[in-house]
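Reading the structure
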Amino acid sequence: MKGNDLEDNKGFVATPFAAVNTALGGGIAVGKISEVAGSWSVGKSTFAYQVIGAAQKQGRPCLLLDAERAYTKQYGESLGIDNAQLDVFRAKTAEEYLDHSIEWMEMKKNRGGVVICDAIGALLPREEAEKTSEGRSIGLQARLLGSYARKLTSILDDNEIAYLALNHTFIPLGQMGIASSGGKKWEYARAVWLILSGAYGQPIKKDATGLKTLIPMRLEVRKNKMVGNMGTKIDLQLIQGAGFVGDTVSVPPPRTRGRPKSPSKI
């Protein structure tokens, strides 16, 4: 094969968010590993579910590795997911999740599909599962994911699969900055790394009872092999229980202040 014969990219899975698609060159990259990481309750799963809904509308088969066991049919349906067409896999050990995903991706009928892993930090290695609570299991997950990532590289490319992993962030002991679970080999393998967090300094809208109704969020590009735009920040808005504002979720109408106007008399 000559360099001229190579495809620049295998396309993208468009998300419901125009700003995200623009920043990522078109959406979630096909044939690559993308990761959205963040702290608890910032909307990582919600974001992924909305990506699934958008991918299904594009005719793409989808697999959800529900390691956190957080998915519900009702919430998925409210975000545009067709549950009858969604493959959901739940198991006990990381090995089962990873082996099943490889089998699914290599099936001819799933070519051009999307795999969502929710989440990398929740994958439990079999050796760790078999230990007691006092057993030490340093490095097991990182070693397992390192091997998995090396297998994914060719499988995703050959079968034109878009892989979106969700992950948990933490501050490494004695270091500066943010990291996510999975180890160095996993870090090297992902082509896109996004950090989802609250948009600090922007006001949160609340209703009359104090419930947060519209929450400003921010998606930051920390790594992007598809587009040279590391450091780009994308502003999003999250409606609790309804998802991020986009093609399938609309901004609620503004509250009117003061007394309602009385109808004019003729």
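Predicted model, so just to flag it, every value in this text is computed and none were measured.

This brings us to the overall build of the protein. When its secondary structure is counted, the protein shows 7 helices and 13 strands. For the protein, the C-alpha radius of gyration of 20 Å lies close to 18 Å, the compact-globule estimate for 266 residues. Expressed as a percentage of contacts within the protein between residues at least 6 apart in sequence, the contacts between residues at least 24 apart total 65%. As displayed, the protein offers around 14900 Å² of accessible surface, 51% of which is attributable to carbon and sulfur atoms. For the protein, the distance from the average position of its 35 positive side-chain charges to the average position of its 27 negative side-chain charges is 9 Å.

One pass over the structure, following the stated rule, counts 9 aromatic pairs. Ring geometry for Phe89 versus Tyr97: centroids 5.6 Å apart, planes at 90°, classification edge-to-face. Looking at Phe89, the relative accessible area reads 18%, which means it is buried. Classification of Tyr97 as buried rests on a relative accessible area of 2%. For the pair Tyr148 and Trp186, a centre-to-centre distance of 6.5 Å together with 5° between the ring planes defines the contact as stacked.

A word on a negative patch on the surface. Taken together, the side chains of Glu96, Asp99, Glu103, Glu106 and Asp158 present a region of like negative charge at the surface. Examining the composition of the negative patch, we find that 3 residues originate from one element, helix 4 (residues 94–105), more than from any other. Counting through the fold element by element, Glu103 comes out in helix 4.

Applying the stated criterion to the full structure yields 0 disulfides. Left without a disulfide partner, Cys62 is nearest to the cysteine sulfur of Cys117, which lies 15 Å away. Overall, Cys62 belongs to the buried group, its relative accessible area being 1%.

This part is about the side chain of Lys44. Within the secondary structure, Lys44 is located in helix 2 (residues 44–57). With no salt bridge to any partner, buried Lys44 finds its closest opposite charge in Glu68, at an N-O distance of 6.2 Å. A polar side-chain atom of Lys44 sits 2.7 Å from the main-chain carbonyl oxygen of Ser39. Leaving out residues up to four positions away in the same chain, Lys44 has contacts with Val36, Ala37, Gly38, Ser39, Leu166, Asn167, His168 and Leu196.

Another point: the pairing of strand 4 (residues 62–65). Here strand 4 shows a buried face lined by Cys62 and Leu64 and a second buried face lined by Leu63 and Leu65. Both strand 4 and strand 6 (residues 114–117) contribute to a ladder of 4 bridges, which runs parallel. Bridged to Leu64 within strand 6 is Ile116.

How each quantity is defined
- Residues numbered from 1 in each chain as written.
- Predicted model: local features only at pLDDT ≥ 70, side-chain atom pairs only at ≥ 80, totals over all residues.
- Heavy atoms only, no water.
- Helix = DSSP H or I, 4+ residues; strand = E, 2+ residues; numbered from the N terminus.
- Rg over C-alpha atoms; globule rule 2.2 N^0.38 Å.
- Contact = heavy atoms within 4.5 Å.
- Areas by Shrake-Rupley, 256 points an atom, 1.4 Å probe, with all protein chains shown as cover.
- Lys, Arg positive; Asp, Glu negative; His and termini not counted.
- Charge placed at Lys NZ, Arg CZ, Asp CG, Glu CD.
- Phe/Tyr/Trp six-rings, centres within 6.5 Å; stacked < 30°, edge-to-face > 60°.
- Buried < 20%, exposed > 50% of the residue type's maximum accessible area, 1.4 Å probe, protein only.
- Patch = residues over 30% accessible without salt bridge, like charges linked within 9 Å, V, L, I, M, F, W, Y side chains within 5 Å.
- Salt bridge = Lys/Arg side-chain N within 4 Å of Asp/Glu carboxyl O.
- Disulfide = S-S within 2.5 Å.
- Polar contact = N/O pair within 3.5 Å; in protein donor to acceptor, adjacent residues only side chain to side chain.
- Pairing = 2+ DSSP bridges.

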